[in-house]
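# A closer look at the structure
So the chains spell out like this:
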Amino acid sequence: MIWIIGMVLTALIAQTTADQQAVRAARTAQNKAIAAGDLDRVASFWTEDVTVRRALGQPLSGRDAARKALEPPPDPAARLIYQRLTKDVEVSPTWPLAFETGTWEGHQSTPGGPVVIGGRYSAQWVKRAEGWLIRSEVFVALHCRGAGCESRAVP
């Protein structure tokens, strides 16, 4: 009987690890799509009803609104390229849910450009037939420099 419990626990741990790796891989792929400016690919990692609280407090509701927020401005020098740096992923052993935390950076003009704004984020992921998708994200701006300090937070 004890060996059956051990086998079940081993299988659960292996699945959790695989799911953690899948969430991390999806985040990495979304980061690459952001850097490449492939907004359709970026949006493919969100559920249709995704909610996002932007770093300075603006709310976004739905995949289309979240995608629009990442559209580059006409002036390439004003473009910010966002990168999420995953710190931790916790997967529920009971529900098809995962919780991701990490830091984020806004690079000016290019993926290797200077970081002008950044902070922390968290995300709720849901496992669906097509894989792990982001259902909700919260970003908080905690530091800035230069052009990154020009925007105002929502009161």
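One can find the structure itself at the top, above this paragraph.
Reference entry: report on the structure contained in this document. None of the values given here were measured: they were computed from a predicted structure. Here the residue index of a chain counts from 1 through its sequence in written order. In view of the model being predicted, local features appear only for residues whose pLDDT reaches at least 70, and side-chain atom pairs are presented and counted only at 80 or more, with totals across whole chains, interfaces and linings using the full set of residues. Heavy atoms from the whole structure form the basis of all side-chain values; hydrogens and water molecules are not counted.

## Some words on the pattern of salt bridges
Here is the rule: When a carboxyl oxygen of Asp or Glu is within 4 Å of a side-chain nitrogen of Lys or Arg, the pair counts as a salt bridge. In DSSP terms, a helix is any run of H or I states spanning at least four residues, a strand is any run of E spanning at least two, and both are numbered starting from the N terminus.
A full pass over the atoms with the stated rule returns six salt bridges. Two residues, Arg27 and Glu100, come together in a salt bridge whose shortest N-O distance is 2.8 Å. Of this pair, Arg27 sits in helix 1 (residues 2-36) while Glu100 sits in strand 4 (residues 97-108), and the two are 73 residues apart along the sequence. Among the charged side chains, a network of salt bridges with common partners joins Arg27, Glu100 and Glu137.

## A few points about the nonpolar core
Note the threshold: What we call a nonpolar core is a set of buried Ala, Val, Leu, Ile, Met, Phe, Trp, Tyr and Cys residues that are connected through their side-chain atoms within 4.5 Å. Throughout this description, buried means an accessible area under 20% of the type-specific maximum (1.4 Å probe, protein chains only), exposed means over 50%, and partly exposed covers the range between. Contacts are residue-level and defined by heavy atoms, with any inter-residue pair within 4.5 Å sufficient.
Grouped together as the largest cluster of nonpolar side chains are 28 residues, with contacts concentrated most on Val42, Trp46, Leu70, Ala98 and Trp125. Of all the secondary-structure elements, those providing two or more residues to this core are helix 1, helix 2 (39-43), strand 1 (46-53), strand 3 (80-91), strand 4, strand 5 (115-128) and strand 6 (131-144). The element best represented in this core is strand 5, accounting for five residues. With residues near it in sequence (within four places) discarded, Leu70 still touches Ile34, Leu39, Val42, Trp46 and Tyr82.

## Remarks on the pairing of strand 5
Stated formally: What makes two strands pair is DSSP finding at least two bridges between them.
With 11 bridges joining them, strand 4 and strand 5 adopt antiparallel strand pairing. Among the inter-strand pairings, Glu100 is bridged to a residue of strand 5, identified as Ala123. From the end of strand 4 to the start of strand 5, which pair antiparallel, there are six residues, and Ser109 there has a positive phi angle of about 75°.

## Some points on the state of the cysteines
Basically, it comes down to this: Working definition: a disulfide is two cysteine sulfur atoms within 2.5 Å of each other.
Inspection of every chain in the model, using the stated rule, returns one disulfide. Across the disulfide from Cys144 sits Cys149; the S-S distance is 2.1 Å. Because the torsion about its S-S bond is 110°, the bridge between Cys144 and Cys149 counts as right-handed. Owing to a relative accessible area of 36%, Cys149 belongs among the partly exposed residues under this scheme.

What is shown is where atoms sit, not what they do.
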